[in-house]
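The residues making up each chain are set out below.
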Amino acid sequence: MLKRIGPPTRLGVLVVGLGVALQGLPERMVGHDLVEWGLLFGFIVFLGWSAITIVNTASEYYLRHALKGSEDSMLSRKILTQVRLLRRTVVFGLGFLTLAAILMTIPAVRQYGVSLFASAGVAGLAVGLAARPVLSNLIAGVQLAVTQPVRLGDEVLVEGEFGTVEEIQTTYVVIRLWDLRRMVVPLSYFMEKPFQNWTRQSTSIIGAVHWYLDYATPVAAVRARFFELLKESKLWNGNVAALQVTDTKEGTVEVRGLMSAESSGAAFDLRCEVREKLIAWLQETYPHALPRGRIEVENFPASLRGDVTRRHH
């Protein structure tokens, strides 16, 4: 804290000291007005800088104590998302107000500073229209911090792409895709369009595997082996396990296995593991359970075969 408040404090002491010395002069000197404007400029910067420093320091202090010893990843991600988004929003607002106050100290551009404060007049309207995307994302950031449809570390499906929320900035969200690409999405997207959040309530997720087997498959034996494979796997969290015949087709039956894991990555690996091991077990134990094509040949009586032969000739 002392390290952070040092620079703005030195600036404040310098400005106040020069201001007191300037007031103590017996008469106004050449460039007196310019020096006064410089001190006013410095004082405004000091106020804005100090406010931003206080916000940043207080937020980090809160995070350090709130997350100390916390083992609940859901709660930790919730706190991180809220504090960081709100901090960036407040810092942006403080910077905006500081800039407007600085502009009001310059006579030539004072009207622009007033417009920034009051959001009125032609200049203010132009600035508002130009900054509409930024302001909409800024407001969306506040809404996202409060309602939290998405948090840091959430696994989401956006525009057909699956990934993990890596960064939540003031105006955009960075999603790390499964192949290490990054998708950058405006904050307003998550408040205006539907998306899938796979870890909204918990990181646990259910995965499904489908097999297409022959009608002669002993389903009860397959179900028993499926449960054995799950119990042997370190990826299964023990919550969900089910195997059912979900459909019948012309030449095969569809068998679906459901299993749960602690995360989407673990669920994907678990699905691949169970799929591979069950196929290997079927090949070894019940090879006739794998899909097969059938051709049925009938023996015709001798009289019919002769009749067919004569017709053929």
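This text gives an overview of the structure that appears in the document. Since the model is a prediction, treat every value here as computed from it, not as a measurement.

Below, the discussion takes up the packing of aromatic side chains. In this structure the tally under the stated criterion is six aromatic pairs. Ring centres of F43 and F46 lie 6.1 Å apart, and the angle between their planes is 40 degrees; on these two criteria the pair is classed as tilted. Within this pair, F43 and its partner F46 are both found in helix α2 (residues 32–66), separated by three residues, close to a single helical turn. According to the relative accessible area criterion, F43 is partly exposed, its value standing at 34%. A ring pair is formed by F226 and F227, whose centres lie 5.8 Å apart and whose planes are at 55 degrees; its orientation type is tilted.

Residues M1, L2 and I5 make up a contiguous nonpolar surface patch of roughly 350 Å² in combined accessible area. With respect to the helices and strands, I5 occurs in helix α1 (residues 2–23).

A word on the sheet that holds strand β7 (residues 236–248). The pairing of strands in a sheet happens through backbone hydrogen bonds and is either parallel or antiparallel. The sheet built from three strands is open, its strands ordered β6-β8-β7 with antiparallel pairing. Two strands close off the open sheet at either side, each with one partner strand: β6 (205–213) and β7. Averaged over all pairs of adjacent strands, the angle between their axes in this sheet comes to 20 degrees, without regard to strand direction. Bridge count between β6 and strand β8 (residues 253–261): nine bridges; the pairing is antiparallel. Bridging from a neighbouring strand, I205 pairs with A261 of β8. Lying over the sheet, helix α8 (residues 219–232) contacts β6, β7 and β8, oriented at roughly 155 degrees with respect to β7.

Cut-offs used in this document
Residues numbered from 1 in each chain as written. Predicted model: local features only at pLDDT ≥ 70, side-chain atom pairs only at ≥ 80, totals over all residues. Heavy atoms only, no water. Phe/Tyr/Trp six-rings, centres within 6.5 Å; stacked < 30°, edge-to-face > 60°. Helix = DSSP H or I, 4+ residues; strand = E, 2+ residues; numbered from the N terminus. Buried < 20%, exposed > 50% of the residue type's maximum accessible area, 1.4 Å probe, protein only. Patch = residues over 30% accessible without salt bridge, like charges linked within 9 Å, V, L, I, M, F, W, Y side chains within 5 Å. Areas by Shrake-Rupley, 256 points an atom, 1.4 Å probe, with all protein chains shown as cover. Salt bridge = Lys/Arg side-chain N within 4 Å of Asp/Glu carboxyl O. Pairing = 2+ DSSP bridges. Axes fitted to C-alpha atoms, helices over the stretch in contact; angles between N-to-C directions. Contact = heavy atoms within 4.5 Å.

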